[in-house]
Amino acid sequence: MVLTVALGLLAVRRQERGGGLAEWSVGGRSLGPVFIWVLMAGEGYTSFSYLGAAGWGYNYGAPVLYVVAYMSCGYALGYLVGPMLWGYARRHGLVSISDIAAHRYRRPWLGALVAVLATVFLLPYIQLQITGMGVVVSTISYGDIGLDLAYILAFAVTTAFVVVSGLRGSAWVSVLKDALVICTLGFLAVYIPLHYFDGLGDFAHRVVTDKAEWLSLPGHSGATSGYGVGWFASTTVLNSLTVVIFPTTVAGYLGARDAGTLRRNAVWLPAYNVLLFIPMLLGMAALFVVPGLVGAESNLALFKLVIDALPEWAVGVVGVAAALSSIVPMAVFMLVIGTMWGRSVLSLVPKLKRREKGISQLVVVVAGALALVLTYTAPNTLVRLSLISYEGMAQFVPLLLLGLVWRRMTLYGALGGLTVGVGIVCALVFTGHDPLWGVNAGLLALAANLAVAIPVSLYGSRSGAPAGSAEPVDLAELDEPDQPVGPDQPVGPDQSVGPGEAAEPTRSTRSPEPTGPAAPKVSAPAPRRG
């Protein structure tokens, strides 16, 4: 933990002195391929990978592979979407999805609305990472460190470096985290089958022979779980669309040095998903070693094996890797919440406009502290919100993604679709109808979202209603944006210049009036008729 804070603070030395919000929130848009790779891979490899993935492997088996499926498909979509968002944000000096929404629809209040909704959907993820790290630290310390102290440790370590060093600090810590993750999981993939079985072949044979139900959809208890083929396919489609506009993913996009970096990473990031198979398989291995785990105990399936099979110092190394898998994503979640509020919400107050970075850093502390307090006082509230987090974020896809590539998307259409989509998600999830008819409720809500947004936009554009929109994004133009706006001087919603639009010359850039003798006046020819 000390090394984590040290690495995060060391990243400050690489920042430009006096750097503004863009330097802190998106690394000055200067991160190279290695840092972007470890950062974006780190965002996808959270405490769920050590706890939830193993628990799903233990309880259900094959359905847990949806994680590998949607992340791989999401990286493929990111090959196209990442450079598009990077170019649009770079051209106009934007730093978050709320910033992009406000600029696209020429409405600052829309950016504030997106920031508030996104915070509601992201806050449970911070709480889940705090809880995940608390469970890991308490488990690997054999109970000597209580959950309460572990929660505070998670909050303090993360806040310490993210407030000071921002996205760049998270990228530096990701290097340490990914090195530990790769080494520890690679070791466990070989050691656990040898320790408890006669090697990987014997383990695979026993799974096929004794646990065949876990190896195909809908997995164990498939009749009641609802995780069948329809759910698997719909969840993969929904999550692969959502992950490319997820605030933390977009932060990684905007931090890249150039569009080529994002394309190379989209090619190589799926290779990191190979690591996800290991906790899934080890979760199934725990079925033979520690049978009978129920409820939340199944999330500890992997660590039950680790604690039983390894010496204390090795348990500590594995635990640090798992703890860092909570800290890095939690840091980026806190960072994007702070950035959205500092740029899109609180900056609407004129007196706070010039203090965006300081306000954003303060919001990071407040967001983390709020998640920490709710972890103690009202954990069930955040758990219920977490049920709609990813499916709720999916409802931003038409507003953000379709809105950037389709010029006829109107403000009313985007808002109408968003309202319907979020409403359906909340109704289905909180009434226990997810999945519905074997399909992910979020995808059904997204279909309804589009069914409202597109017709309303088409009707609005024909009726002459104000669209509040910029020109559509030209993918070819956005790879290398010319004359980008300064990183901390965004174009205002009423001054934005879309691709292909010519900016009006200002008074200071016009040629001076002649001071010599007046030139003879020449009347302009009258326009021809007919």
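Residues numbered from 1 in each chain as written. Predicted model: local features only at pLDDT ≥ 70, side-chain atom pairs only at ≥ 80, totals over all residues. Heavy atoms only, no water.

1. Observations regarding the overall build of the protein chain
Where we set the bar: In DSSP terms, a helix is any run of H or I states spanning at least four residues, a strand is any run of E spanning at least two, and both are numbered starting from the N terminus. In what follows, a contact means two residues having at least one pair of non-hydrogen atoms within 4.5 Å. All accessibility values rest on the Shrake-Rupley procedure with a 1.4 Å probe; residue burial counts only the protein chains present in the view.
Summing up its helical and strand segments, the protein chain has 23 helices and zero strands in all. Contacts spanning at least 24 positions in sequence make up 85% of the contacts within the protein chain whose residues lie at least 6 apart. Split by element, the accessible area of the protein chain, about 22,600 Å² in all, is 64% carbon and sulfur.

2. With respect to the side chain of Gln 395
Going by this rule: The buried label applies to any residue whose accessible area, calculated with a 1.4 Å probe on protein chains only, is under 20% of its type's maximum; exposed applies above 50%, and partly exposed to all values in between. Under the rule applied, a polar contact is a pair of N or O atoms within 3.5 Å (in protein, one hydrogen donor and one hydrogen acceptor; residues adjacent in sequence only if both atoms are side-chain atoms).
You can see Gln 395 is positioned in the loop between α20 (389–393) and α21 (397–405). Among the residues examined, Gln 395 registers a relative accessible area of 0% and is labelled buried. Within polar-contact distance, the side chain of Gln 395 engages the backbone nitrogen of Leu 446 at 3.5 Å. Residues contacting Gln 395, with those up to four places away along its chain left out, are Leu 418, Gly 421, Val 422, Val 425, Gly 442, Ala 445, Leu 446 and Asn 449.

3. A short note on the pattern of salt bridges
So the rule is basically this: Definition used for salt bridges: Asp or Glu carboxyl oxygen within 4 Å of a side-chain nitrogen of Lys or Arg.
Tallying each qualifying case throughout the model produces three salt bridges. Between Asp 178 and Lys 177 there is a salt bridge whose closest N-O contact spans 3.4 Å. As far as the burial class goes, Asp 178 and Lys 177 line up, both buried. Here Glu 356 and Arg 343 are joined by a salt bridge, their closest N and O atoms 3.0 Å apart. Of the two residues, Glu 356 is situated in helix α18 (residues 356–377) and Arg 343 in helix α17 (residues 312–345); the sequence distance between them amounts to 13 residues. Residue Glu 356 is classed as buried on the basis of its relative accessible area of 7%. By relative accessible area, which is 4% here, Arg 343 ends up buried.

4. Notes on helix α15 (residues 277–289)
Put simply, the test is: Each helix should span, by expectation, one fewer than its residue count multiplied by 1.5 Å.
The end-to-end C-alpha distance of α15 is 19 Å, a good match for the 18 Å that 13 residues give at a rise of 1.5 Å each. Where the residues of α15 are buried, they touch α4 (47–50), α5 (52–59), α6 (66–92), α9 (147–196), α10 (200–210) and α16 (301–309).

5. Regarding the environment of Val 95
Checked against the element boundaries, Val 95 lands in the loop between α6 and α7 (97–105). Note on Val 95: relative accessible area 4%, which makes it buried. Separated by 70 residues in sequence, Val 95 and Ser 25 place their C-alpha atoms 7.1 Å apart.

6. So, α7
The buried fraction of α7 amounts to nine of the nine residues, a majority that puts the element mostly inside the structure. All of the buried residues along α7 are Ile 97, Ser 98, Asp 99, Ile 100, Ala 101, Ala 102, His 103, Arg 104 and Tyr 105. Following α7 by one or two positions, Arg 106 adopts a phi angle in the positive range, close to 60 degrees.

7. Concerning the nonpolar core
The criterion, for reference: Side-chain atoms within 4.5 Å are what join buried Ala, Val, Leu, Ile, Met, Phe, Trp, Tyr and Cys residues into a set we call a nonpolar core.
If you look at the biggest cluster of nonpolar residues, it comprises 156 residues, and the most contacted ones within it are Tyr 50, Ile 126, Leu 188 and Leu 399. Those residues in contact with Ile 126, other than ones at most four positions away along the chain, are Met 330, Phe 333, Met 334, Ile 337 and Ala 371.

8. Description of the packing of aromatic side chains
What counts here: Here is the rule: rings of Phe, Tyr and Trp (six-membered ring for Trp) pair when centre to centre is within 6.5 Å. Planes less than 30 degrees apart are stacked, more than 60 are edge-to-face, and the remainder are tilted. In this scheme, Lys NZ or Arg CZ marks a charge over a ring once it lies within 6 Å of the ring centre and within 35 degrees of the ring normal.
Applying the stated rule across the entire model yields 20 aromatic pairs. Ring geometry for Phe 35 against Trp 172: centres 5.9 Å apart, planes inclined by 20 degrees, an arrangement best described as stacked. Taken together, the positions of Phe 35 in helix α3 (residues 33–44) and Trp 172 in helix α9 put the pair 137 residues apart, joining distant regions of the chain. With relative accessibility at 23%, the residue Phe 35 sits in the partly exposed group. Consider the rings of Tyr 60 and Tyr 227, whose centres lie 5.2 Å apart with planes at 85 degrees: the pair is edge-to-face. With Tyr 60 in the loop between α5 and α6 and Tyr 227 in the loop between α11 (222–225) and α12 (229–243), this residue pair connects regions lying 167 residues apart in the sequence. The exposure class assigned to Tyr 227 is buried, which follows from its relative accessible area of 17%. Note that Arg 104 overlies the ring of Tyr 105, its terminal NZ or CZ placed 4.5 Å from the centroid.

9. Some points on the side chain of Ser 170
You can see Ser 170 is positioned in helix α9. Not counting chain neighbours up to four residues away, the residues in contact with Ser 170 comprise Leu 39, Phe 161, Val 162, Val 328, Ala 331 and Val 332.

10. A short note on the environment of Val 294
Note on placement: Val 294 falls in the loop between α15 and α16. Separated by 235 residues in the primary sequence, Val 294 and Asn 59 place their C-alpha atoms 8.3 Å from one another.

11. Topic: the confidence of the model for the protein chain
The cut-off we apply is this: For every residue, the predictor states its confidence as a pLDDT score lying anywhere from 0 to 100.
Averaged over every residue, the pLDDT of the protein chain is 80; the share at 70 or more is 83%. When the criterion is pLDDT under 50, residues 481–530 qualifies, and its contacts beyond four places in sequence or with other chains add up to 50 contacts.

12. Comments concerning the packing of α15 against α16
Filter applied, for reference: Axis definition: a line fitted to C-alpha atoms, over the contacting stretch in the case of helices. Angles run 0 to 180 degrees between N-to-C directions. Oblique is the label for every angle not falling under 35 degrees (roughly parallel), over 145 degrees (roughly antiparallel), or within 65 to 115 degrees (roughly perpendicular). Note on convention: the crossing is left-handed when the near helix lies turned anticlockwise from the far helix by less than a right angle, right-handed when the turn is clockwise. Any residue that is not Ala, Val, Leu, Ile, Met, Phe, Trp, Tyr, Cys, Pro, Asp, Glu, Lys or Arg is counted as polar, Gly included; the first ten are nonpolar and the last four charged.
Packing of α15 against α16 brings their axes to within 8 Å, and their N-to-C directions diverge by 70 degrees. The pairing of α15 with α16 is recorded here as roughly perpendicular in orientation. Pair α15 / α16 crosses with left-handed handedness. On α16, the residues that touch Pro 279, Leu 282, Ala 285, Ala 286 and Val 289 of α15 are Ala 301, Leu 302 and Leu 305. Residue composition of the contact of α15 with α16, grouped by class: eight nonpolar, no polar and no charged.

13. Focus on unusual backbone geometry
With omega at 5 degrees, the peptide bond leading from Leu 217 into Pro 218 counts as cis. Its location among the elements puts Pro 218 in the loop between α10 and α11. Look at the link from Asp 434 to Pro 435: it is a cis peptide, with omega at 0 degrees. Tracing the backbone shows Pro 435 in the loop between α22 (411–430) and α23 (441–463). A positive phi is found at Arg 106, a non-glycine position, where the angle reads about 60 degrees. Positionally, Arg 106 belongs in the loop between α7 and α8 (108–140).

14. Some details on the packing of α6 against α12
One way to put it is that α6 packs onto α12 with a least axis distance of 8 Å and a crossing angle of 40 degrees. Compared by their axis directions, α6 and α12 come out oblique. For the pair α6 and α12, the crossing hand works out as right-handed. Packed against α6, whose contacting residues are Tyr 66, Ala 69, Tyr 70, Cys 73, Gly 74 and Leu 77, the element α12 presents Trp 231, Phe 232, Thr 235, Thr 236, Asn 239, Ser 240, Leu 241 and Val 243 at the interface. When the residues that make up the contact of α6 with α12 are grouped by side-chain class, the tally is nine nonpolar, five polar and no charged.

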